[in-house]
Amino acid sequence: MARVVELSYFPVKGCAGTSVPEALLTPAGLAHDRSFMVVSEQGVFRTQRRDPRLAVIRPAVDPYGQRLTLHAPGAEPLTIDVDTSGVRRAVDLFGDPYQGIDQGDLAAAWLSDVLRAPSRLVRVPPEHDRVTDGRTPGTSGYADSCPLHVVSRATLDQLDSRLADRGAPPVPADRFRANVVVDGWDDPHTEDRAHRLTIGAAELGYAKLAIRCAVTMVDQESGTRAGPEPLRTLATYRRAAEGGIAFGAKFAVLRPGKMSVGDEVTVTEWGRSEF
């Protein structure tokens, strides 16, 4: 029987995640997931691809999303009241234009100091109306694309086995920054074929394969580049037909609801893998 063994959300895009025993799944993903984003002074989003130190920033948001605390090594924690009604500013996410609510000069100064680059913090505005692509369309905050990233324990274990065959150490699962880790599927990459599934009160629809990038080569504890693994090994067996390296799958939300670690994962519709 397949079950959820890990649930994580990432309040600030690119920063450390929070593992939780239960979470509310909203139409845009787990509550508070990627609802904030660090941008340059020009409004361009910051990513671990270019700013790996984002990984050492550990955000904590209260259950109502009203207060945000930022932690980082060598810096005093900063707590701010979240602004959900302030002036909008233009932000750029992968070249697409969106709006963000600036969270003020204190957050900007703190982030600029930690990242050693001028930065601002923005929040998704209430009117954010993003439509994500894939087999099942959906919506999300500032996630790269679809609202929920799912990977199975079997998929992670197969990678560790292949790394061992090459004399390389295992790669921590947090390199993949998944929202949901599922255990109990015998075959690796079963998530590629699970086109509709239920978890707790929620229902998910498969959107597309998760195409991996250089973020997987960033040590999430130190915020430093640690390549070339796992991409070097993944390239030997997970090059997708449409290009890129596929590992895990992205899902849209068909029915919001509460999800918990230990919930059974039931596949109600199987399909062919796009891989």
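Residues numbered from 1 in each chain as written. Predicted model: local features only at pLDDT ≥ 70, side-chain atom pairs only at ≥ 80, totals over all residues. Heavy atoms only, no water.

## Some words on the sheet that holds strand E4 (residues 22-26)
In space, the three strands of this open sheet follow the order E5-E4-E20, with antiparallel pairing throughout. Of all the strands in the sheet, just strand E5 (29-30) and strand E20 (257-260) have a single pairing partner and so form its edges. As judged from the two bridges shared by E4 and E5, these two strands associate in the antiparallel manner. Bridge assignment links Thr26 to a residue of E5, and that residue is Gly29. (Pairing = 2+ DSSP bridges. Helix = DSSP H or I, 4+ residues; strand = E, 2+ residues; numbered from the N terminus.)

## Considering the state of the cysteines
Going through the model one piece at a time under the given rule, you end up with zero disulfides. Free of any disulfide, Cys15 has its nearest cysteine sulfur in Cys213, 15 Å distant. Taking the relative accessible area as the measure of exposure, Cys15 reaches 1% and is therefore buried. Lacking any disulfide linkage, Cys146 is separated from the closest cysteine sulfur, that of Cys213, by 15 Å. On the accessibility criterion, Cys146 (3% relative accessible area) is buried. (Disulfide = S-S within 2.5 Å. Buried < 20%, exposed > 50% of the residue type's maximum accessible area, 1.4 Å probe, protein only.)

## Some thoughts on the pattern of salt bridges
For the structure on display, the rule yields 19 salt bridges. Salt-bridge contacts for Arg49 lead to Asp144; the nearest nitrogen and oxygen are separated by 2.9 Å. Separated by 95 residues along the polypeptide, Arg49 in the loop between strand E6 (36-39) and strand E7 (58-61) and Asp144 in the loop between strand E12 (120-123) and strand E13 (148-152) bring together distant segments of the chain. Where Asp81 meets Arg67, a salt bridge forms, and the shortest distance between an N and an O atom there is 2.5 Å. Here the residue Asp81 occupies a position in strand E9 (residues 75-81), and Arg67 occupies one in strand E8 (residues 67-72), the gap between them amounting to 14 residues. Accessibility expressed as a relative area gives 54% for Asp81, which makes it exposed. The exposure class assigned to Arg67 is partly exposed, which follows from its relative accessible area of 41%. Through salt bridges with shared partners, a single network forms among Arg135, Arg196, Glu203, Arg255 and Glu269. (Salt bridge = Lys/Arg side-chain N within 4 Å of Asp/Glu carboxyl O.)

## A word on the nonpolar core
Judged by nonpolar contacts, the single largest core of 48 residues is most densely connected at Ile57, Leu68, Trp110, Leu121, Val180 and Leu197. Looking at this core element by element, the count peaks at five residues for helix H1 (residues 105-115). Apart from the residues lying within four places of it in its own chain, the contact partners of Trp110 are Ile57, Leu70, His71, Ala72, Ala75, Glu76, Pro77 and Leu78. Grouped together as the second largest cluster of nonpolar side chains are 15 residues, Val151, Ala168, Tyr237 and Ile245 included. (Core = buried A, V, L, I, M, F, W, Y, C linked by side-chain atoms within 4.5 Å. Contact = heavy atoms within 4.5 Å.)

## Some details on H1
Turning to H1, its buried residues are Ala107, Ala108, Trp110, Leu111, Val114 and Leu115. End-on view of H1: buried residues confined to an arc of 165 degrees, all on one side of the axis. Turned more than 90 degrees away from the buried face of H1, the exposed residues are Asp105, Leu106 and Asp113. Contacts from the buried residues of H1 go to E6, E8, E9 and E12. Two residues or fewer after H1 comes Arg116, characterised by a positive phi angle close to 60 degrees. (Arc of directions from axis to C-beta.)

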